[in-house]
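Tertiary structure, described
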Amino acid sequence: MAGKSGREIIAEQPFSWKHLLLRWESMLILLLVVVNIMNIAISDKYWSVTGLFRATNSFLNIAFMVLPMCFVLVLGDIDISVGSILAFSATMLGVTYNAGAPMIVAVLVALLTGTVCGCINGVIATQFTELNPMIITFGTQVVYRGLCEIILGDQSTGGLNNVMWFSNLYWGKFGGVVPYMFIVFVLCAIVFGIVQHKTTFGRRMYAIGANREAARYSGINVQGTRFVVYVITGLFAGVAAIFTAASMGSINNAVGKGTEMDAIGICVLGGILTDGGKGNFIGAMISVFLLGLLEYGLGLVNVSSNVMLVIKGALLVISVMIPNLKINVKKKKIA
Amino acid sequence: MASEYVLELKEITKIFPGVKALDKVSFQLKAGEIHALMGENGAGKSTFIKVITGVHKADGGEMYLNGEKVDFKGPNDSQAAGIAAIYQHVTAYPHLSVAENIFMGHEKVKHGMIQWKEMYAEADKLLAQLNADFKSTAEMGTLSVAQQQMVEIAKALSSNAKIIIMDEPTASLTKNESENLYRIAEKLRDEGASIIFISHRFEDMYRLATRVTVFRDSKYVGTYDVDKISNADLITAMVGREIKDMFPKPEIQLGEEVLRVENLSREGFFKDVSFSVRKGEILGLTGLVGARRTEVIQTIYGVEKLDSGKIFLDGKEVKIKNPRDAIKNGIGLLTEDRSNLGLILDWGIGRNITLTEIEKYGNKVFTNDKAERAAAKQLAEEVDTKAVSIFDKVSTLSGGNQQKVAVSKILASDLKVLIMDEPTKGIDVGAKAEIYDIMGQLAQRGYAIIMISSEMPEVLNMSDRIIVMCEGKITGELSREEATQEGILKYAMAKSLKNTAEN
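Here's what I pulled together on the structure shown here. (Residues numbered from 1 in each chain as written. Chains lettered and ligands numbered in written order. Predicted model: local features only at pLDDT ≥ 70, side-chain atom pairs only at ≥ 80, totals over all residues. Heavy atoms only, no water.)

1. Some details on empty space enclosed by the protein
This structure, assessed with the given rule, holds 1 cavity of 30 Å³ or more. Contributing to the lining of the largest cavity are 18 residues, with Tyr217 of chain A together with Tyr301, Leu333, Lys409 and Ile410 of chain B lying nearest its centre. For the lining of the largest cavity, the secondary structure elements donating two or more residues are α12 (212-217) of chain A together with β18 (331-334), α11 (338-342) and α15 (399-411) of chain B. Residues of the lining of the largest cavity, tallied by class, amount to 11 nonpolar, 6 polar and 1 charged. Mapped onto the domain boundaries, the lining of the largest cavity takes at least three residues apiece from domain 2 (258-330 + 415-502) and domain 3 (343-414) of chain B. (1 Å grid on protein atoms, 1.4 Å probe; cavity = no way out; pocket = protein on both sides within 12 Å on 5 of 7 lines; lining within 4 Å. Points joined across faces, edges and corners; volume = space filled by probe spheres on them. Helix = DSSP H or I, 4+ residues; strand = E, 2+ residues; numbered from the N terminus. Nonpolar A, V, L, I, M, F, W, Y, C, P; charged D, E, K, R; others polar. Domains from an automatic or database assignment.)

Structure follows, in structure tokens:
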């Protein structure tokens, strides 16, 4: 059956510089450059290999949670329990180690804890689809954090850095230059990026986020996909917990507080909006470095953490406003 | 200066980014007439209505109300001037009462307090005028579409509208409900209101209107007296070309039975539904709204669960738990609601077409963009989709072309059975003929097609066999030769007829 009119439909996307430059990611790169110039002006030690890696190490442990958060938001879901999963996983790690288990066992316990927490979120979110995931993970957030507080009280569980290889996960450097954590992060990011943009799983995530019902009618296993993503999110909160524990050497019940908002904020600034089905992975990755380096630079000039919050928040609000401003300007021009 | 026309628009032009939505369009509405406005999707009817109601500001042209020039700054101005619009999709507050919906924006207030009693009484009075079968205290969300429309009409009356615009009011109504709407429209006209009636249905126009204005491609084509223009001429005016054969149903030698369902039941929805469909056959499944046709095919497609009953494909029983199982077994569904269930409007045409079968073009893990693009191009061209590139967003296409994309999408899968739920809903007449043509070709290619439809001409002309449902049961089966509109209606209302007889 051939089309009657013989009309041809173009199947290649034409390349356009204008299109490329107007992309949100181009804007983020520009901002990243600005932040770097600012940091160079602040510190003369910043613009060197050691200086830059010192800077990236200050935030990449938390950035492990950004990777799966991209998936969560693309699905149109949200998970605000990751900060608490991090805390609970780190607590289990510390407690297991201090109970006399070998460190490798403690690390596996942390990963298992994260995975189980993710499973719980996933089961609730997929079995009770009428519940808003924001509310579900708000609830589990309180539960996971509460468990930390029950286990630790106001004590902390320390001595973790007595194990050299564990401490090196955060502090160690490959060839004395590149931090191991940086390498692990880059490898993970490549895998996550490929999954999001080059696999059937990724395409299905975008379909679910764009229109969940249409995705279901297209034969996509919507709840299965959501479940897997929640589990991965829990697992990577566990990964973040390991690196965070390695950096601090001891864990108290306040660890990772507010990091869920950092992770979500980074994604949104990167263009992966909470509506679902939007944005791309590269944007989120640029945004990891943009916000991380900004915070690092402001830290160098002793900007207090409260002021930092205001700056981050304002940046986020402005960034989500800009695309809408663009549309308004276009409308005005025509009118 | 008094004028013969209550509303007159001269050379209205409206420009949207990159498109002229209205190009020097003129329109005249006489006092106390029902004036049909017709044209294909994208002809500019909706934009035109929005200019009248002040939602859009015209970029050129003049508008006269009772001979006086007016310039509406917004919808409030037009409301104050006595113009009310009832839109195709009811824009109501589902959790509020009917009375609250009617008086939304102009509540009865005394000393800053809402006068509930007065409002309910007034609302009930308005509803009584419309012969409504529900109370003003009912919650809006619990009403049927037809009833909600009545509320919208009551709302128009409550603001003393003299000019009432109805935008495709019959699109989602059954025959009986449409009949009731006709009566209401006539009553309003007799009471002195002037009505602009937009519809795709020719029967609406013939039944109600005295004059009809046709738009095509954002331009004014002409205004005709309804009793002086033939159907064919009107279609030509709308489409710009002649449609020779509206229903090109090919003669096909039917093959063996492909799908058979036995005693399908779902508690509270339908009971003991059995039918079969053969290779190359188009099986019409019809009935009034509430006959549960869509629910039946949703369970066959695995969207909803079945309580009991069996589904056989090529003689073998299959279990279908979700749409994936259905597609794997060769059953595809073209949904009734293409913009919410069928397609992802935000996505390009290509991605939509290949979504169901991404694994076929790549492998289990990775996608293959190049193969997908080639396949999407071929499938979209096969059904003659009017689009520039496969990257065009589906939301930018007209209803008819969106439907073609939806058809290409189900053709991407290897199917044996195509279920088409209201395949021409909300599509203009030119595109309808094309969809029928495609259906005929698909039957010729050996698909077994189940077509669910409420449109009589479509059911009568496209089906090889017709099954009629009423309130969750199959009440009759007719062959193509013996089927008539009356015959179908008799079965479609079998239950209610029986009930009346018993009383």
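2. Here we look at the interface of chain B and chain A
On the side of chain A, 33 residues touch chain B, which itself brings 52 residues to the contact. Roughly 3600 Å² is buried in total at the junction of chain B and chain A, and carbon and sulfur atoms are behind 56% of that figure. Summed over the shared surface of chain B and chain A, the result is 4 salt bridges. In this structure, the salt-bridge partner of Glu372 of chain B is Arg203 of chain A, at a minimum N-O distance of 2.7 Å. Scanning the region where chain B abuts chain A turns up 18 residue pairs in polar contact (both at pLDDT 80 or more). Counting only elements with at least two residues in the side of chain B that touches chain A, the list comes to β1 (5-16), α10 (323-328), α11, α12 (349-354), α13 (358-361), α14 (369-382) and α16 (429-444) of chain B. (Contact = heavy atoms within 4.5 Å. Buried area = accessible area lost by both parts, 1.4 Å probe. Salt bridge = Lys/Arg side-chain N within 4 Å of Asp/Glu carboxyl O. Polar contact = N/O pair within 3.5 Å; in protein donor to acceptor, adjacent residues only side chain to side chain.)

3. Remarks on the packing of helix α2 (residues 24-42) of chain A against helix α15 (residues 281-300) of chain A
Residue and element names in this part refer to chain A. Contact pair α2 / α15: the axes reach a minimum separation of 9 Å and the direction vectors enclose 20°. Judged on the interaxial angle alone, α15 and α2 are roughly parallel. Crossing of α2 against α15: the hand is left-handed. Contacts from Glu25, Leu28, Ile29, Leu31, Leu32, Val35, Asn36, Met38, Asn39 and Ile42 in α2 reach Gly283, Ile286, Phe289, Leu290, Leu293, Leu294, Gly297, Leu298 and Leu300 in α15. (Axes fitted to C-alpha atoms, helices over the stretch in contact; angles between N-to-C directions. Parallel < 35°, antiparallel > 145°, perpendicular 65-115°, else oblique. Left-handed = near helix turned anticlockwise from the far one by under 90°.)

4. Structural notes on the sheet that holds strand β13 (residues 257-266) of chain B
All names here are of chain B. Taken in spatial order, the 4 strands of this open sheet run β14-β13-β16-β17, and their pairing is antiparallel. The sheet terminates laterally at β14 (270-278) and β17 (316-318), the two strands that pair on one side only. Recorded for the sheet is a direction-independent mean angle of 20° between the axes of neighbouring strands. Summarising the sheet, strand β16 (residues 308-313) and β17 pair through 3 bridges and their orientation is antiparallel. Within β17, the position partnered with Ile311 by the bridge is Val318. Sheet strands touched by helix α9 (residues 293-300): β13, β14 and β16. Its angle to β14, the strand with the most contacts, is close to 70°. (Pairing = 2+ DSSP bridges.)

5. Re α15 of chain B
Across its 13 residues, α15 of chain B extends 18 Å between first and last C-alpha, which sits within 8% of the 18 Å expected from 1.5 Å per residue. Judged by how many residues are buried, α15 of chain B sits mostly within the fold: 13 of 13 residues are covered. (Expected span 1.5 Å × (residues − 1). Buried < 20%, exposed > 50% of the residue type's maximum accessible area, 1.4 Å probe, protein only.)

6. Re the sheet that holds strand β21 (residues 465-470) of chain B
Residues and elements named next belong to chain B. Spatial strand order, β18-β19-β20-β15-β21-β22: 6 strands in an open sheet with mixed pairing. With partners counted over all chains shown, the strands left at the sheet margins are β18 and β22 (473-479), one partner each. Strand after strand, the sheet turns through a mean of 20° between neighbouring axes, direction not considered. Pairing of strand β19 (residues 417-421) with strand β20 (residues 448-452) involves 5 bridges; the strand directions are parallel. Its bridge partner being in β20, Ile419 is matched across the sheet by Ile450. α15 rests against β18 and β19 of the sheet, and its axis sits at about 170° to β18. Helix α18 (residues 485-492) contacts β15 (282-287), β21 and β22 of the sheet and is inclined by roughly 35° relative to β21.

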